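So the chains spell out like this:
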Amino acid sequence: MTSMSRARVARRIAAGAAYGGGGAGLVGAAVVGLVLAEVRLARRHVGNGSGGRVPVADGVYGHAYDIPGEPPLRLTMLGDSTAAGQGVHRSGQTPGALLASGLAAVAERPVELRNVAQPGAQSDDLDRQVALVLSCPLPVPDICVIIIGANDVTHRMPPTRSVRHLSAAVRRLRTAGAEVVVGTCPDLGTIEPVQQPLRWLARRASRQLAAAQTIGVVEQGGRTVSLGDLLGPEFEANPRELFGPDNYHPSAEGYATAAMAVLPTVCAALGLWPAEEERPDVSRREGFLPVARAAAEAASEAGTEVTAAMPTGPRGPWALLKRRRRRRVPEAEPATPSL
């Protein structure tokens, strides 16, 4: 499928989400049924994506940067088991803790982490999670990171419905004043027990949803980072190292790789990235594209950021596609529980 074809499919799904359409796209119902059966078989073999203990990582990171009278930045994680950090044993290995520690180091300011992600969650659980965030008596988070989509594919949620729920969550958080970064649907084709040709089909379904998610998120004022294969060829080259013991959830190294890719976008959303890094680098194939084209390209390359850039033109809204240099994430120190 060409980039233009992928963009058309993503645009059709996103339009259906916005205007109440049905389950357009995602390879086709019969094929998705095959993918579903294979992935469920794989999940029975390696673990079903829910259950199991998830380390609690909530608390304050970066106390070395304490400034009397200055409150910490507030980071909230929403989404599914990947956002929660299922598959690792220590709280400091979860993506939330890694992002909080990395953000504290860049901002030179403590970061308070709250995680409301739910293992096994699909996009329709985001309404509940956002309500938890916004009903909290504490101030609205400075930034929210959402990782969602894998369970939507494996449970055959219509992609238009999936994108509609995600877009609504981003809109509510942005309206409340939070910056939002979404890690789009990861590549289910990297799950080892899924065999060819269904591995290819699972990859295609994942990328179609990821591209449509990107359009929906950018149109609501959020930014996306393509998680793809979490992130780059190392997942296929070293699956034993980058997947956890269940071969379904990322390992500590896998979460660190994902956090390295997401951290620059989190920092940019908060205005903490160097100004020269915000300009498109032609040598890195960065630039302005119609949002559907940018979404399709990002879905094909893990670690790619898409953010709104220009008002709507003849070909629809435009976006800036960036391939940011990954930032090494420092190992998370134990958090101090929030008051």
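Since the structure is predicted, the reported quantities are computational estimates derived from the model, not experimental observations. (Residues numbered from 1 in each chain as written. Predicted model: local features only at pLDDT ≥ 70, side-chain atom pairs only at ≥ 80, totals over all residues. Heavy atoms only, no water.)

**Focus on the environment of R128**
Thought 1: Among the structural elements, R128 can be located in helix 5 (residues 126–135).
Thought 2: For R128, a relative accessible area of 38% gives the class partly exposed.
Thought 3: Beyond its immediate sequence surroundings of up to four residues, R128 is in contact with V116 and Q118.
Thought 4: Engagement of the side chain of R128 in a polar contact is seen with the side chain of D125, the distance being 2.8 Å. (Helix = DSSP H or I, 4+ residues; strand = E, 2+ residues; numbered from the N terminus. Buried < 20%, exposed > 50% of the residue type's maximum accessible area, 1.4 Å probe, protein only. Contact = heavy atoms within 4.5 Å. Polar contact = N/O pair within 3.5 Å; in protein donor to acceptor, adjacent residues only side chain to side chain.)

**Re the environment of R164**
Thought 1: Position of R164 relative to the elements: it lies in helix 7 (residues 159–176).
Thought 2: Overall, the relative accessible area of 34% leaves R164 in the partly exposed class.

**Let's talk about the packing of helix 5 against helix 7**
Thought 1: Two elements in contact, helix 5 and helix 7, have axes separated by 9 Å at closest approach and are oriented at 10°. Classified by the angle between their axes, helix 5 and helix 7 sit roughly parallel to one another. Only H165, L166, A169, R172, L173 and A176 of helix 7 make contact with helix 5, whose side of the interface consists of L126, D127, V130, A131, V133 and L134.
Thought 2: A per-class count over the contact of helix 5 with helix 7 returns nine nonpolar, one polar and two charged. (Axes fitted to C-alpha atoms, helices over the stretch in contact; angles between N-to-C directions. Parallel < 35°, antiparallel > 145°, perpendicular 65-115°, else oblique. Nonpolar A, V, L, I, M, F, W, Y, C, P; charged D, E, K, R; others polar.)

**Looking at the nonpolar core**
Thought 1: With 33 residues, the main nonpolar core has L75, L99, V145, V181 and V262 as its most contacted residues.
Thought 2: Sorting the residues of this core by element identifies strand 2 (73–79), helix 3 (81–84), helix 4 (95–107), strand 3 (111–115), strand 4 (143–147) and helix 11 (252–269) as the ones contributing at least two each.
Thought 3: In terms of residue count, the dominant contributor to this core is helix 11 (eight residues).
Thought 4: Apart from residues lying up to four places away in sequence, L75 is in contact with G96, L99, A100, V111, E112, L113, R114, I143 and V145.
Thought 5: Formed by 23 residues, the second largest nonpolar core is a distinct cluster that contains V153, L209, L289 and A299. (Core = buried A, V, L, I, M, F, W, Y, C linked by side-chain atoms within 4.5 Å.)

**As for empty space enclosed by the protein**
Thought 1: Counting across every chain of the model gives two cavities of 30 Å³ or more.
Thought 2: Of the voids in this model, the second largest cavity is the one considered here, and its volume is about 50 Å³.
Thought 3: P95, L99, V145, I147, L227, Y255, A258, A259 and V262 are the residues that line the second largest cavity.
Thought 4: For the lining of the second largest cavity, the secondary-structure elements that each account for two or more residues are helix 4, strand 4 and helix 11.
Thought 5: With four residues, the single largest contributor to the lining of the second largest cavity is helix 11. (1 Å grid on protein atoms, 1.4 Å probe; cavity = no way out; pocket = protein on both sides within 12 Å on 5 of 7 lines; lining within 4 Å. Points joined across faces, edges and corners; volume = space filled by probe spheres on them.)

**Some words on helix 5**
Thought 1: Every buried residue of helix 5 is accounted for by L126, Q129, V130 and V133. Along the long axis of helix 5, the arc covered by the buried residues comes to 95°, so they all point the same way.
Thought 2: Those residues of helix 5 that are buried lie in contact with strand 2, strand 3, strand 4 and helix 7. (Arc of directions from axis to C-beta.)

**Concerning the pattern of salt bridges**
Thought 1: Under the defined criterion, the tally for this structure stands at 13 salt bridges.
Thought 2: Via salt bridges that share partners, R285, R293, E297, E301 and R323 belong to a single interconnected network. (Salt bridge = Lys/Arg side-chain N within 4 Å of Asp/Glu carboxyl O.)

**Examining unusual backbone geometry**
Thought 1: Notably, E108 is not glycine yet its phi reads approximately 50°, a positive angle.
Thought 2: Along the chain, the position of E108 falls in the loop between helix 4 and strand 3.
Thought 3: Non-glycine residue R285 carries a positive phi angle of around 60°.
Thought 4: Looking at where R285 falls in the secondary structure, it is placed in the loop between helix 11 and strand 7 (287–290).

**Things to note about the side chain of S206**
Thought 1: Along the chain, the position of S206 falls in helix 8 (residues 198–219).
Thought 2: A polar side-chain atom of S206 sits 3.5 Å from the main-chain carbonyl oxygen of P186.
Thought 3: Other than its neighbours up to four places away in sequence, S206 contacts C185, P186, D187 and L188.

**Section: the confidence of the model for the protein**
Thought 1: Scored by pLDDT, the protein comes out at a mean of 80, with 71% of its residues at no less than 70.
Thought 2: Note on residues 22–27: pLDDT under 50 across the span, and 23 contacts to partners over four residues away in sequence or across chains. (pLDDT = per-residue confidence, 0-100.)

**Describing the pairing of strand 3**
Thought 1: Bridge analysis of strand 1 (residues 59–61) against strand 3 gives three bridges, and the strand direction is antiparallel. From the neighbouring strand, V60 faces strand 3, where its bridge partner is E112.
Thought 2: With five bridges connecting them, strand 2 and strand 3 associate as parallel partners. Bridging across to strand 3, L73 finds its partner in V111. (Pairing = 2+ DSSP bridges.)

**Some remarks on helix 7**
Thought 1: Along its 18 residues, helix 7 runs 26 Å from first to last C-alpha, staying within 8% of the 26 Å computed at 1.5 Å per residue.
Thought 2: Along helix 7, the residues classified as buried are P159, T160, S162, V163, L166, S167, A169, V170 and L173.
Thought 3: Positioned one or two residues after helix 7, G177 has a phi angle of 115°, which is positive. (Expected span 1.5 Å × (residues − 1).)

**Structural notes on the packing of helix 4 against helix 11**
Thought 1: Relative orientation of the contacting elements helix 4 and helix 11 amounts to 45°, with a least axis distance of 9 Å. Relative to helix 11, helix 4 is oriented oblique. Remark: the crossing between helix 4 and helix 11 carries right-handed chirality. Contacts from P95, L98, L99, G102, L103 and V106 of helix 4 reach helix 11 at Y255, A256, A259, V262, L263, V266 and C267.
Thought 2: For the contact of helix 4 with helix 11, the residue count by class is 12 nonpolar, one polar and no charged. (Left-handed = near helix turned anticlockwise from the far one by under 90°.)

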